[in-house]
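As a plain string of letters, each chain reads:
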Amino acid sequence: MNTDMERLTANLQVERIDKYLFIGKSPKFPPRVFGGQVLAQALNSAIRTVDEESIAHSMHAYFLRPGNPKKQIVYEVDPIRDGRSFTTRRVVAKQDGIPIFNTSISFQIPEQGLEHQFEPPQVPGPEELEDDFDYWTRMAEERDDVEAPPAHSICRRAIDRRDFLNPETDVGEPRQRYWMKTKEALGDDPIMHQTFLADMSDMTLMGSALRPHPYSSRSKEFMGASLDHALWFHRPFRADEWLLFDQDSPAAHGSRGFTRGSFYTQSGELVASCVQEALIRIVER
């Protein structure tokens, strides 16, 4: 694998070693495995145990323990239900025999039915916005306390970007909006697009719960981690085309921040939704 995109594609997919047993690997970046990667690998594992005509429509997950990026992750798929219209898989991710994550994923054979959706927010297009990689590269050139960002295969462009380096002077409504897509084409296999969107759905959500507070993910006093995550796929989509990730955080309490997100295409179709609760603990250093 030579390109960043090829490496990420390899990391988000899993190796099948038995009918319901898979192995996932991670980039060896400390200190822990990114939650979106585990979501994507678990989904990729489950998808490969159902009939081709069945499409994943929802997953509900809990992050149980931090994952060690230096060790492989074993994904055990439990085929708990095979119905005529709906199929369910339960997946447990383990390291050293200890569960670090579990999820239930539901699949449906596509069918016609009633349709409606919320209208998308009116926002600037991605062409008008600065990419996250370019922004942090510029910050690293301007400031000694910022490191140059590693190359990444997901384009992210913030609308109303927060000042993460000075969050105490930039608090606002608990909302964030990003345009996202992969940097390279993914082909036409819907499994790849669902796998990448699962990874993307864990990006930036926590920041929506921090937005009305004088802290960011870069604050020394902040400790954060995804606790649980749910994702619904509403319509077919492409993760290699721009998707608007519209997020808000209705509540935070007890060191937990609750956030919601909706993915819209540039033409305004609502294609996926997610919710998450995350640890947002402020500690003395």
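Quick look at the structure, then.

Moving on to helix α3 (residues 132-142). Of the residues making up α3, those classed as buried are Asp-132, Tyr-135, Trp-136, Met-139 and Ala-140. Considered in projection along α3, the buried side chains sweep an arc of 135° and stay on one side of the axis. Turned more than 90 degrees off the buried face of α3, the exposed positions are Glu-141 and Glu-142. Tucked inside the fold, the buried residues of α3 contact β7 (154-159) and β8 (175-182). Two or three places before Phe-133, at the start of α3, stands the capping residue Asp-131, its side-chain oxygen 3.0 Å from that residue's backbone nitrogen.

Bringing the nonpolar core into the picture now. Among the nonpolar cores identified, the biggest contains 55 residues, and Tyr-75 and Phe-101 are the most heavily contacted of them. Of the residues forming this core, the biggest block, 7 residues, is contributed by helix α2 (residues 35-47). In contact with Tyr-75, not counting residues within four places along its chain, are Val-14, Tyr-20, Leu-21, Phe-22, Gly-24, Val-38, Gln-41, Ala-42, Ser-45, Val-91, Val-92 and Ala-93. With 8 residues, the next largest nonpolar core counts Ile-159, Trp-179, Trp-242 and Leu-244 among its residues.

On to the packing of aromatic side chains, then. Enumeration according to the criterion identifies 5 aromatic pairs in this entry. When the centroid spacing of 6.2 Å and the interplanar angle of 45° are considered together, the rings of Trp-136 and Phe-164 count as tilted. Of the two residues, Trp-136 sits in helix α3 while Phe-164 sits in the loop between β7 and β8, which places them 28 residues apart along the sequence. Phe-164 matches Trp-136 in its accessibility class, with the two residues each being buried. Measuring from centroid to centroid gives 5.9 Å for Phe-233 and Phe-237, while their planes differ by 15°, and the two rings are stacked. Neither residue differs from the other here; Phe-233 and Phe-237 are each classed as buried. Ring pairs connect the aromatic residues Tyr-135, Trp-136 and Phe-164, which therefore count as one cluster. Arg-161 extends its terminal NZ or CZ atom over the ring of Tyr-135, reaching a point 4.2 Å from the ring centre. Above the face of the Trp-242 ring, Lys-181 is positioned so that its terminal group lies 5.3 Å from the ring centre.

Right, let's talk about the side chain of Asp-246 for a bit. Along the chain, the position of Asp-246 falls in strand β10 (residues 243-253). A polar contact of 2.9 Å, which involves the side chain of Asp-246, links it to the side chain of Arg-175. Setting aside anything within four residues of it in sequence, one finds Asp-246 in contact with Pro-121, Arg-175, Gln-176, Arg-177, Arg-260, Gly-261, Ser-262 and Tyr-264.

Moving on to a negative patch on the surface. Judged by side-chain charge, Asp-51, Glu-52, Glu-53 and Asp-189 come together as a negatively charged surface patch. In this fold, Glu-52 is placed in the loop between α2 and β3 (55-63).

Rules used in this analysis
Residues numbered from 1 in each chain as written. Predicted model: local features only at pLDDT ≥ 70, side-chain atom pairs only at ≥ 80, totals over all residues. Heavy atoms only, no water. Buried < 20%, exposed > 50% of the residue type's maximum accessible area, 1.4 Å probe, protein only. Helix = DSSP H or I, 4+ residues; strand = E, 2+ residues; numbered from the N terminus. Arc of directions from axis to C-beta. Contact = heavy atoms within 4.5 Å. Polar contact = N/O pair within 3.5 Å; in protein donor to acceptor, adjacent residues only side chain to side chain. Core = buried A, V, L, I, M, F, W, Y, C linked by side-chain atoms within 4.5 Å. Phe/Tyr/Trp six-rings, centres within 6.5 Å; stacked < 30°, edge-to-face > 60°. Lys NZ or Arg CZ within 6 Å of the ring centre and 35° of its normal. Patch = residues over 30% accessible without salt bridge, like charges linked within 9 Å, V, L, I, M, F, W, Y side chains within 5 Å. Areas by Shrake-Rupley, 256 points an atom, 1.4 Å probe, with all protein chains shown as cover. Salt bridge = Lys/Arg side-chain N within 4 Å of Asp/Glu carboxyl O. Lys, Arg positive; Asp, Glu negative; His and termini not counted. Charge placed at Lys NZ, Arg CZ, Asp CG, Glu CD.

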